[in-house]
Amino acid sequence: MPVAATQEREARSARSRALTQALFERLGGCEKGTTEYRRARSALIEANIPLVRYVARRFHNRNEPMEDIVQVGTIGLINAIDRFDPERGVQFPTFAMPTIIGEIRRYFRDNVRTVHVPRRLHEMWAQVSGATEDLTVQHGRTPTTAEIAERLKVPEEEVLACMEAGRAYRPASLEAAQERDEGMPGLIDRLGYEDPALDSVEHRELVRHLLVQLPEREQRILLLRYYGNLTQSQISAELGVSQMHVSRLLTRSFARLRAANTIEA
């Protein structure tokens, strides 16, 4: 990345942090419910929308409109603003990111279909459901696939595909026993072991958020050192610089990261 672009990004980040800090100081001096308090709170939300968009871009492959994801993430941002305590010594982006990520994940868990259904099957699902209800009343029993297909004047294969896709609207409980397997354990008892690295997912997201604020060469040195497990001498050989220079760059990188976001031990 060009040096000028890196410097400009760092300058924008510094201005954003300074503005957020000033707004929190202003918010702390206002009484809740007053006009000044509402204005300061609204300004904080507006100033940190770029942070929400940064997080939302990580969910771009979920087949949901980006603006919907941003709106949900903004709810997490507002919750973080209301709970943030500047006296703790933690930078606001560090505090807010897990809350924003959690709100978006909760949205996908509670409101989005388990499987993305193609539009054609999604539109046909309503017709199949209606025909099924009508034929059930007419015959006093659950209709066959052939009867539904005849009512809708479509091939049986399309009705079967639509019924299969309809399961996306009714996700099965992990604790429910499988059909025709009464007495058998639920799906939750058949799952594999819990990934021990699961708890560190959000921490890795925070680290990645901090790393992108560094120049490209310093990012590479940190990755070689802590992800590639190379020694400083191996890194110096890889990059063609002295080991002392590698040590200085590592020290400078840590100083920049601490200045960007103070993280409590």
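Everything numeric in this text was worked out from a predicted model, so none of it was measured.

**Q** Mind showing me how you'd approach the side chain of Ser236 here?
**A** Structurally, Ser236 can be placed in helix α11 (residues 232-239). Among the polar contacts listed, one links the side chain of Ser236 to the backbone oxygen of Ser233, at a separation of 2.6 Å. In contact with Ser236, not counting residues within four places along its chain, are Val241, Ser242, Gln243 and Val246.

**Q** Teacher, can you tell me more about the side chain of Thr74 here?
**A** In this fold, Thr74 is placed in helix α4 (residues 66-83). We classify Thr74 as buried; its relative accessible area is 15%. Leaving out residues up to four positions away in the same chain, Thr74 has contacts with Ile45, Ile49 and Val52.

**Q** How should the pattern of salt bridges be read in this particular structure?
**A** Close approach of charged atoms lets side chains of opposite charge pair. One pass over the structure, following the stated rule, counts nine salt bridges. A salt bridge links Glu218 to Arg252, with the nearest nitrogen and oxygen atoms 2.9 Å apart. In this pair, Glu218 sits in helix α10 (residues 216-226) while Arg252 sits in helix α12 (residues 243-260), placing the two residues 34 residues apart along the sequence. Judged by its relative accessible area of 40%, Arg252 falls in the partly exposed class. Here Glu238 and Arg220 are joined by a salt bridge, their closest N and O atoms 3.2 Å apart. Here Glu238 is found in helix α11, whereas its partner Arg220 is found in helix α10, with 18 residues between them in sequence. Its relative accessible area of 46% is what places Glu238 among the partly exposed residues. Salt bridges linked by common partners bring Arg26, Glu36 and Arg39 together as one network.

**Q** What's the story with the environment of Leu222 in this structure? I'm lost.
**A** Looking at the element boundaries, Leu222 is found in helix α10. Linking Leu222 and Leu211, residues eleven residues apart in sequence, is a C-alpha distance of 8.7 Å. Apart from the residues lying within four places of it in its own chain, the contact partners of Leu222 are Leu211, Leu214, Tyr227, Leu250, Ser253, Phe254 and Leu257.

**Q** What exactly am I supposed to notice about the packing of aromatic side chains here?
**A** Under the definition given, this model contains six aromatic pairs. Residues Phe59 and Phe108 carry aromatic rings whose centres are separated by 5.8 Å and whose planes lie at 20° to one another, so their mutual orientation is stacked. Of this pair, Phe59 sits in the loop between α3 (49-56) and α4 while Phe108 is found in helix α5 (residues 92-111), placing the two residues 49 residues apart along the sequence. In this structure Phe59 comes out as buried when scored by relative accessible area, which is 7%. Summarising the aromatic geometry, the rings of Tyr107 and Phe108 are spaced 5.4 Å apart at their centres and angled 65° between planes, so their arrangement reads as edge-to-face. Take Tyr107: its relative accessible area is 17%, and that puts it in the buried class. An aromatic cluster of at least three residues, connected via ring pairs, comprises Phe24, Phe84, Phe92 and Phe95.

**Q** Explain the UniProt feature "domain: RNA polymerase sigma-70" (unreviewed entry) in the protein to me, please; I cannot follow it from the model alone.
**A** When the UniProt feature table is mapped onto this chain numbering, "domain: RNA polymerase sigma-70" (unreviewed entry) sits at residues 68-81. Span residues 68-81 is 100% helix and 0% strand, its end C-alpha atoms 20 Å apart.

**Q** I would appreciate a short explanation of the packing of α10 against α11 in the present structure.
**A** Between α10 and α11, whose axes approach to 10 Å, the crossing angle comes to 135°. Judged on the interaxial angle alone, α11 and α10 are oblique. The two elements α10 and α11 cross, and the hand of that crossing is right-handed. Residues Arg220, Ile221, Leu224 and Arg225 of α10 touch α11, and the partners they reach there are Ile235, Glu238 and Leu239. Of the residues assigned to the contact of α10 with α11, the class counts are four nonpolar, no polar and three charged.

**Q** How should I be thinking about the nonpolar core in this particular structure?
**A** If you look at soluble globular proteins, the nonpolar side chains tend to sit buried side by side. Core analysis: the largest hydrophobic core is formed by 33 residues, its most contacted members being Val55, Leu77, Phe92, Ile100 and Ile104. Mapped onto this core, the elements with two or more residues apiece are α1 (3-28), α2 (35-47), α3, α4 and α5. Counting residues per element, this core draws most heavily on α5, which supplies nine residues. Counting ten residues, the second-largest nonpolar core is a separate cluster that includes Ile221, Ile235, Val246 and Leu249.

**Q** Whenever I open this one, unusual backbone geometry confuses me. Can you help?
**A** Glycine aside, the phi torsion of most residues is negative, and most peptide linkages are trans. Even without glycine at this site, Lys153 takes up a positive phi of about 60°. Its identity as a non-glycine residue notwithstanding, Asn229 has a phi of 60°, on the positive side. In this fold, Asn229 is placed in the loop between α10 and α11.

Calculation notes
- Residues numbered from 1 in each chain as written.
- Predicted model: local features only at pLDDT ≥ 70, side-chain atom pairs only at ≥ 80, totals over all residues.
- Heavy atoms only, no water.
- Helix = DSSP H or I, 4+ residues; strand = E, 2+ residues; numbered from the N terminus.
- Polar contact = N/O pair within 3.5 Å; in protein donor to acceptor, adjacent residues only side chain to side chain.
- Contact = heavy atoms within 4.5 Å.
- Buried < 20%, exposed > 50% of the residue type's maximum accessible area, 1.4 Å probe, protein only.
- Salt bridge = Lys/Arg side-chain N within 4 Å of Asp/Glu carboxyl O.
- Phe/Tyr/Trp six-rings, centres within 6.5 Å; stacked < 30°, edge-to-face > 60°.
- UniProt positions renumbered as here; feature names shortened; annotations may be inferred.
- Axes fitted to C-alpha atoms, helices over the stretch in contact; angles between N-to-C directions.
- Parallel < 35°, antiparallel > 145°, perpendicular 65-115°, else oblique.
- Left-handed = near helix turned anticlockwise from the far one by under 90°.
- Nonpolar A, V, L, I, M, F, W, Y, C, P; charged D, E, K, R; others polar.
- Core = buried A, V, L, I, M, F, W, Y, C linked by side-chain atoms within 4.5 Å.

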